Each structure stands twice: as C-alpha cells, then as structure tokens.
Amino acid sequence: MQEPEASETEAFEPEATRRGAGAAESSRANRGWWDRNADEYQVEHGTFLGDDRFVWGPEGLDEVEAELLGPPEELKGKDVLEIGAGAAQCARWLAAQGARPVALDISHRQLQHALRIGGAFPLVCADAGALPFADASFDLACSAYGALPFVADPVLVLREVRRVLRPGGRFVFSVTHPIRWAFPDEPGPEGLSVSASYFDRTPYVEQDEQGHAVYVEHHRTLGDRVRDIAAAGFWLVDLVEPEWPAWNTSEWGGWSPLRGNLIPGTAIFVCERNEMGAPPAGGRGRD
C-alpha cells in the first residue's frame, strides 16, 4: 500500500495576507473561525477571563475598578447589551450586579459555552451589523474585543448600537490599540520594531487554498475610530489606554509584559448617544 504524501496527512495552514475583504466575506469568515476555535479559546483563556468577570482586555483591566459603564451599584435594573459576548463572562458579571443583560455573539459555538457555564439571561446568535432588537431597547451596551475589530463597516455597527440604545445611553467598547498594527504580532523583542505602515488600512486575512477568507481583522487608525464614533451619532467622552499592571505576568498572543510596559495594547472608547444626531459627512480624515 502506497504511503500518502505528507501534504495529505498534514492539516492545512491558512495563508496569512493583507488584502481587501468586504462585509459579507468578513462576517462569514469570522463566524466560521469562532465556531471552529471556540473550544480552544475557552480552554486557553477561560481561567484569565473567569466565568463571571468583566475584563476589558489582555492587560486585565476589570470593570469593577474601571467603572466605565458607571458605578456597579447604579447598574441594578439596567438593560444592557453585550456585543461579541463569547461565553458571556461580562454579561454574567452584569447580572450579578442586578442588571438585565442580553449576550449577543455571531458564533453559535461560543454561545454554547455560555450555556455550559450558565446564567439566567438571554443569549442571541446574530450579526452585530443587524441587531435583532427594537429601537431604544437598552440603557447600556458594551463590547470587550467583540465585533468591532472584525467588521468591514464599523459605522454600520455603531449606528445599530445607537439605534437600540435609549436616549442618553452609553456604549463602551475595546479593541486592539491601533498602534499595534505597525508592529509584528509577537510578544518578545521582535515585536518592538515597526514593520508596517500604521496608515495601511488593508485588512489582515487568513485564507484557505482556494483563496477564501477563514479569518479577517480590520484596521482603523485612532483618528478613524473617533470619526466613526461621531459619524454614527455618538459623543466620545473618554479614551482609555490601560497600562500593563505589575501583577500580570501572562502572555496572550502578541500581548506581554515586555510590550505592555512600552506600547499600548488596548484602546477603550467610552461613547454616549448624541441626541443631536450624526454630524454631516466630511472632514479631513479617511473613511
């Protein structure tokens, strides 16, 4: 019997590239990626995230300390939408404060982990660009590294969030700090030298042998994010860049104590619904 070729027995490694990727391709690719990788993600990061903690990023900034959604005692009775909830750790913490959370994610498998851990709040599998809720359904919305890094049209998502928020509602979301796109995604010394243009908005894509995307991340500069927020009808009331704490000795992908003490790794945007509506299009920035 003839032995199979090595290429037939080895798992295919997606090709990493930078190329265009539209909304439909990005959504399809990322839904598939998170469904395939949810188990591994929860095993690798579940201890750090906990079952009922609200952590804004790999630095470990906790909402208990940050109070970006407001003082915990004021969350009681609030309707809160978590977008890109994963296993709904943040929603579970919100429920423990007396809030009424809804956990939404594009990945069915991630939400199965939320069911496994448990919690008496709704789980919704949907795309953040088409939220299945009525206007003015929530007092607050939040997203810790959920949805925004992976969508081709962030303004569409932000407008959807604004639509489902009540007047004066707050939306807080965290993403990879835009400056990180200029550096290699490595936790060691090799990740400290600029290797690409910060201004190159070309998406990062992993694709299969047929050239179909299986994972997509989209880059926006800091200025782009601010303009997106304004264009969607929000005020930007704070921009938090968490510093790396001394207690955190762990690495998470390209995040590490070495890099975290030198360059920011996470940007958290604190936004409030602008009751004057979205400003007219324009400005010197790039869409």
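Small disclaimer: the values here were computed from a predicted structure and weren't measured. (Residues numbered from 1 in each chain as written. Predicted model: local features only at pLDDT ≥ 70, side-chain atom pairs only at ≥ 80, totals over all residues. Heavy atoms only, no water.)

Caption draft 1: Main features of the pattern of salt bridges. Going through the model one piece at a time under the given rule, you end up with 14 salt bridges. A salt bridge links R109 to D39; the shortest N-O distance between them is 2.8 Å. With a gap of 70 residues between them, R109 in helix α5 (residues 108–117) and D39 in helix α2 (residues 23–49) connect regions that are remote in the sequence. Judged by its relative accessible area of 29%, R109 is partly exposed. A salt bridge links R273 to E275; the shortest N-O distance between them is 3.1 Å. (Salt bridge = Lys/Arg side-chain N within 4 Å of Asp/Glu carboxyl O. Helix = DSSP H or I, 4+ residues; strand = E, 2+ residues; numbered from the N terminus. Buried < 20%, exposed > 50% of the residue type's maximum accessible area, 1.4 Å probe, protein only.)

Caption draft 2: Looking closely at the packing of helix α6 (residues 154–164) against helix α7 (residues 222–231). In contact at an axis separation of 9 Å, α6 and α7 are set at 40 degrees when each is read in the N-to-C sense. As far as their axial angle goes, α7 and α6 are oblique. For the element pair α6 and α7, the recorded crossing hand is right-handed. Contacts from P154, V155, L158 and R159 of α6 reach α7 at R225, D228, I229 and A231. Class assignment of the residues belonging to the contact of α6 with α7 gives a composition of 5 nonpolar, no polar and 3 charged. (Axes fitted to C-alpha atoms, helices over the stretch in contact; angles between N-to-C directions. Parallel < 35°, antiparallel > 145°, perpendicular 65-115°, else oblique. Left-handed = near helix turned anticlockwise from the far one by under 90°. Contact = heavy atoms within 4.5 Å. Nonpolar A, V, L, I, M, F, W, Y, C, P; charged D, E, K, R; others polar.)

Caption draft 3: Structural detail: unusual backbone geometry. With a phi close to 50 degrees, E67 is a non-glycine residue in the positive phi region. Locating E67 in the fold gives a position in the loop between α3 (63–66) and β2 (79–83).

Caption draft 4: Region of interest: the sheet that holds strand β4 (residues 123–125). Taken together, the 7 strands give an open sheet; going across it, the order is β4-β3-β2-β5-β6-β10-β9, and neighbouring strands pair in mixed fashion. Each edge of the open sheet carries a strand with a single partner, namely β4 and β9 (234–240). Averaged over all neighbouring strand pairs, the angle between strand axes comes to 20 degrees, with direction disregarded. As paired strands, β2 and strand β3 (residues 100–105) are joined by 5 bridges and run parallel to one another. Bridge pairing links V80 to P101 in β3. Running over the sheet, helix α4 (residues 89–96) touches β2, β3 and β5 (138–144) and is turned about 175 degrees from β3. Those strands touched by α6 are β2, β5, β6 (165–176), β9 and β10 (266–273), and its axis lies near 145 degrees from that of β6. (Pairing = 2+ DSSP bridges.)

Caption draft 5: Representation of empty space enclosed by the protein. Taken as a whole, this structure holds 1 cavity of 30 Å³ or more when the rule is applied. Every residue along the wall of the largest cavity is listed here: P149, V175, T176, P178, W181, E217, H218, H219, R220 and R225. A per-class count over the lining of the largest cavity returns 4 nonpolar, 3 polar and 3 charged. (1 Å grid on protein atoms, 1.4 Å probe; cavity = no way out; pocket = protein on both sides within 12 Å on 5 of 7 lines; lining within 4 Å. Points joined across faces, edges and corners; volume = space filled by probe spheres on them.)

Caption draft 6: Just the sheet that holds strand β7 (residues 204–207), in detail. Spatial strand order, β1-β7-β8: 3 strands in an open sheet with antiparallel pairing. Only two strands of the sheet have a single neighbouring strand rather than two, namely β1 (15–18) and β8 (213–217). For this sheet, the mean angle separating the axes of adjacent strands, direction not counted, is 20 degrees. Across 4 bridges, β1 lies against β7 in antiparallel orientation. Bridge pairing in β7 places R18 opposite Y204. Running over the sheet, α2 touches β7 and β8 and is turned about 105 degrees from β8.

Caption draft 7: Structural view of the pairing of β5. Taken across its 7 residues, β5 has 6 buried, putting it largely inside the fold. Bridging between β5 and β6 involves 6 bridges; their strand directions are parallel. Note that in β6 the partner of A144 across the bridge is S174.

Caption draft 8: How the structure looks around the environment of C142. In this fold, C142 is placed in strand β5. Residues C142 and R109, 33 residues apart in the sequence, show an inter-C-alpha distance of 20 Å. Apart from the residues within four sequence positions on either side, C142 is in contact with F54, W56, L69, V80, L81, E82, I83, L94, F171 and V172.

Caption draft 9: Summary view of the side chain of S26. Position of S26 relative to the elements: it lies in helix α2. For S26, a relative accessible area of 1% puts it in the buried group. A polar side-chain atom of S26 sits 2.8 Å from the main-chain carbonyl oxygen of G22. Residues contacting S26, with those up to four places away along its chain left out, are A21, F150, A152, V216 and H218. (Polar contact = N/O pair within 3.5 Å; in protein donor to acceptor, adjacent residues only side chain to side chain.)

Keep in mind that these numbers describe shape and distance, not what the molecule does.
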